[in-house]
Amino acid sequence: MKPILILATNQDHYEGYDIPTGLWLGELTHFIHIMEEKGIPFKIASLKGGEIPLDPYSLSEQFMDEQTLPYYDDLRFMSELVNSQSLDKLNPEDYSAIYFAGGHGAMYDFVQDPRAAQWILAMTKMQKPVAAVCHGVAALTNQALKIDDQVFVEGKTITGYTNAEELYVGHSDHVPFLLQ
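An account of the accompanying structure is given in this report.

Criteria and cut-off values
- Residues numbered from 1 in each chain as written.
- Predicted model: local features only at pLDDT ≥ 70, side-chain atom pairs only at ≥ 80, totals over all residues.
- Heavy atoms only, no water.
- Core = buried A, V, L, I, M, F, W, Y, C linked by side-chain atoms within 4.5 Å.
- Buried < 20%, exposed > 50% of the residue type's maximum accessible area, 1.4 Å probe, protein only.
- Helix = DSSP H or I, 4+ residues; strand = E, 2+ residues; numbered from the N terminus.
- Contact = heavy atoms within 4.5 Å.
- Arc of directions from axis to C-beta.
- Polar contact = N/O pair within 3.5 Å; in protein donor to acceptor, adjacent residues only side chain to side chain.
- Pairing = 2+ DSSP bridges.
- Right-handed = clockwise from strand over helix to strand, strands pointing away.

1. Quick look at the nonpolar core
Within the largest apolar cluster, 30 residues are counted, with the highest numbers of intra-cluster contacts made by Leu5, Leu7, Phe100, Phe110, Trp119 and Ile120. Taken together, the elements giving at least two residues each to this core come down to strand E1 (4-8), strand E4 (97-100), helix H4 (106-112) and helix H5 (114-125). Setting aside chain neighbours within four positions, we find Trp119 in contact with Leu5, Leu87, Leu90, Asn91, Pro92, Tyr95 and Ile98. In this structure, Ile6, Met35, Met64 and Tyr71 belong to the second largest nonpolar core, which totals 20 residues.

2. Here's the deal with helix H3 (residues 75-82)
Structural remark: α-helix, 3.6 residues per turn; residues separated by three or four positions point the same way. Among the residues of H3, those classed as buried are Phe77, Met78 and Leu81. The arc enclosing the buried residues of H3, seen along the axis, measures out at 95°, which places them on a common side. Turned more than 90 degrees away from the buried face of H3 sit Leu75 and Arg76, all of them exposed. Buried residues belonging to H3 abut helix H1 (25-38), strand E2 (42-46) and helix H2 (69-72). The residue sitting at the N-terminus of H3 and contributing the capping side-chain oxygen is Asp74; that oxygen lies 2.9 Å from the backbone nitrogen of Arg76.

3. A look at the pairing of E1
With respect to burial, E1 is a largely interior element, five of its five residues being buried. Residues Ile4, Ile6 and Ala8 of E1 are buried on one face, and the alternating residues Leu5 and Leu7, pointing to the opposite face, are buried as well. Both E1 and E2 contribute to a ladder of five bridges, which runs parallel. Considered in E2, the bridge of Leu5 is made with Lys43. Between the parallel elements E1 and E2, the chain passes through H1 in a crossover that is right-handed. Where E1 and E4 come together, four bridges link them in parallel fashion.

So, to be careful, I would describe these as geometric facts and stop short of saying anything about function.
Rendered as structure tokens:
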């Protein structure tokens, strides 16, 4: 079985603000926990490679649950997040699906990077699943995502982070756009 590619953000701050952000750790670890339970192989990568920054709020005690804390305490796992492989070095044909992990950082690099769009289009063409959670859904708004001049998400039902949630957490003024 080919592995699932998990793509995480490299964005470590809200642009124009001195506020850190990045990957929401639980949105990676919960997915990995299920993959490991099912015996499904996976690979973690990021757009640029190297460090995958973690949203510091995702590391707070209230979010370090029984599916997140063991990964956070695992040196081997955490070293994968410090030394992630770049998307440029990977080939969509080698993966069974792609999963875009969430976190506010995704609102910047997933949206703007043409490689993310190329992967989504390639996976779609090969009829392989494209999945995303929370702010990872921002990858589906990439302007390069068009099929026959039609916006990729047109006619599709998609879930993601709502405007009300963004307002509740106090970041509606910090993100480049509201995902909803």
